[in-house]
Amino acid sequence: MKNSTRRSKKPETDGSGLRRAIAARSARIGIIGLGYVGLPLACLFAEKGFPATGFDIDRSKVTALNAGRSYIKHIPNKRIAAIRKSGKFDATDDFARLRQMDAIIICVPTPLTRYREPDLQFIVKTGQEIAPNLRQGQLVVLESSTYPGTTREELKPILEANGLKSGRDFWLAYSPEREDPGNASFGTNDIPKVVGGDGKVALDLAVALYDQVVVKTVPVSSPETAETVKLTENIFRAVNIALVNELKVICAAMGIDVWEVIEAAKTKPFGFMPFYPGPGLGGHCIPIDPFYLTWKAREFGINTRFIELAGEINTAMPRYVVARLGEELSRSQGKALNGARILMLGLAYKKNVDDMRESPALILIELLEKAGAKVSYHDPYIPAVKPSREHANLTGRKSVPLTAKSLSGADAVLIVTDHDDVDYSMVAKHGRLVLDTRNAMTRAGLAGSHIRKA
């Protein structure tokens, strides 16, 4: 289609028409990427009365959603069925329908390459899908976590390739996702949204849009600022988790329980915030986002020593856990890891979710099996290992039932994820050796000489 045809209508540079549609909740919202970020957001817009359409290249997701079924554990079928019944939501893999949308929100993955550098292929491909379907008067918002400059330096030129211009024909903004899957206290609508726009009109429109569905919007001066906010939040967590992981190693060497230390320290009403150690970092944000900023900082000749040190400590945790397991097997049973039968409890990266992205459990399985151990796992939320680029060899491995027989048949039980839906009393009773990386046994009031921490 020629550009002259696409701009036959006089551009509405102040966005007043879109602003009125947003206020009336008649603006059509398109969400690209129906995963752990996009699907809750699509649900929220539909529940608030907006006509919402979800876009995804995975046809199985589209089919499930249109049938009123969810594929994410903490989003129940009844929630999807309700918005389908209301007529406010549908899903599609037809990206030509983007022309019908008034606002387009991008929620696609931003992983790292094998060299720990940003991989923007999903943002780029999404931009290329939007561009031929972009029309005057639309708002485009990127939510994917990324480095400062992505919205204007990478996405904007792709969207403008066919002649439409940001700020004149369409509006572009960035608003970082802040989802915490499985958090019962903070849903999508309870979490303030930071927003940065490519120009004042873009900012005002993005704020107006999110004001309709979330508790508060926080406008900032630019998309680059908003992009940096997201990275800062997750770097803060990564650095503090690295600190307590290092303290864990020190305390263990001195015979001190680091979890007891943290519980006592957090009684101080000021100047301390509790973070907890674990077997390594998981999820799509905290293990990845710091490397996005360190990569961008190198462009300016800056070495991010503090952030990179935190990354080194956290990525070393799985090897520390394996070493501790080897020590405890030798101490308690006179066995080596080679030939030992290990039952791993938990595959998800955090408790009570079915998300295994970047989970340290996957690394632990590979390290243990490389050492000659025979590893099985139990996870009530992940019945089978889903395909992943980094751990393709584990795809399809199935969760085993948690029974007295499976517990007693293992030389060691390794607690990696502290799901609530686990009978820890049975674990304590039948496990020959229990190595706990999450302090789950102590929290359950269980102790014994065969229960150790890592």
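What counts, and at which threshold
- Residues numbered from 1 in each chain as written.
- Predicted model: local features only at pLDDT ≥ 70, side-chain atom pairs only at ≥ 80, totals over all residues.
- Heavy atoms only, no water.
- Helix = DSSP H or I, 4+ residues; strand = E, 2+ residues; numbered from the N terminus.
- Rg over C-alpha atoms; globule rule 2.2 N^0.38 Å.
- Buried < 20%, exposed > 50% of the residue type's maximum accessible area, 1.4 Å probe, protein only.
- Contact = heavy atoms within 4.5 Å.
- Lys, Arg positive; Asp, Glu negative; His and termini not counted.
- Charge placed at Lys NZ, Arg CZ, Asp CG, Glu CD.
- Pairing = 2+ DSSP bridges.
- Axes fitted to C-alpha atoms, helices over the stretch in contact; angles between N-to-C directions.
- Core = buried A, V, L, I, M, F, W, Y, C linked by side-chain atoms within 4.5 Å.
- 1 Å grid on protein atoms, 1.4 Å probe; cavity = no way out; pocket = protein on both sides within 12 Å on 5 of 7 lines; lining within 4 Å.
- Points joined across faces, edges and corners; volume = space filled by probe spheres on them.
- Nonpolar A, V, L, I, M, F, W, Y, C, P; charged D, E, K, R; others polar.
- Phe/Tyr/Trp six-rings, centres within 6.5 Å; stacked < 30°, edge-to-face > 60°.
- Lys NZ or Arg CZ within 6 Å of the ring centre and 35° of its normal.

Let us now look at the overall build of the protein. When you go through the protein residue by residue, the secondary structure sums to 16 helices and 13 strands. Taken against the 2.2 N^0.38 rule, which gives 22 Å for 454 residues, the C-alpha radius of gyration of the protein at 24 Å falls within 12% of a compact globule. Across the 454 residues that make up the protein, the buried fraction comes to 53%. For the protein, the share of sequence-separated contacts (at least 6 apart) that also reach a separation of at least 24 residues comes to 69%. Distance between charge centres in the protein, computed from 62 positive and 50 negative side chains, equals 3 Å.

All right, on to the sheet that holds strand 4 (residues 103–106) then. Spatially, 3-2-1-4-5-6-7-8 is the arrangement adopted by the 8 strands of the open sheet, whose pairing is mixed. Here the strands that pair on one side only, and so sit at the sheet edges, are strand 3 (89–92) and strand 8 (217–219). Each adjacent strand pair in this sheet contributes to an overall mean axis angle of 25°, direction not counted. Direction of pairing for strand 6 (residues 171–174) relative to strand 7 (residues 193–197): antiparallel, over a ladder of 2 bridges. Opposite Tyr-174, over in strand 7, you have Gly-196 as the bridge partner. Across the sheet, helix 9 (residues 223–253) is in contact with strand 6 and strand 7; its angle to strand 7 comes to roughly 150°.

Counting 44 residues, the largest nonpolar core has Ile-29, Ile-31, Phe-45, Phe-89, Ile-105, Leu-139 and Leu-209 as the members making the most contacts within it. Per element, the largest residue contribution to this core is 8 residues, and it comes from helix 8 (residues 200–211). Here Leu-139 is in contact with Leu-18, Asp-102, Ala-103, Ile-104, Trp-171, Leu-172, Ala-202, Leu-205, Ala-206 and Leu-209, once residues within four sequence places are set aside.

Enumeration over the complete set of coordinates arrives at 1 cavity of 30 Å³ or more. Val-37, Leu-41, Glu-143, Glu-177, Arg-178, Glu-179, Thr-188, Ile-191 and Lys-193 together form the lining of the largest cavity. Partitioned by chemical class, the residues of the lining of the largest cavity number 3 nonpolar, 1 polar and 5 charged.

Moving on, we get to the packing of aromatic side chains. For the coordinates displayed, the defined rule picks out 5 aromatic pairs. Chaining the aromatic ring pairs together yields one cluster made of Tyr-147, Tyr-292 and Trp-295. Just above the ring of Phe-291 sits the side chain of Arg-116; from NZ or CZ to the centre is 4.5 Å. The ring centre of Tyr-210 lies 4.7 Å from the NZ or CZ of Lys-193, which sits over that ring.

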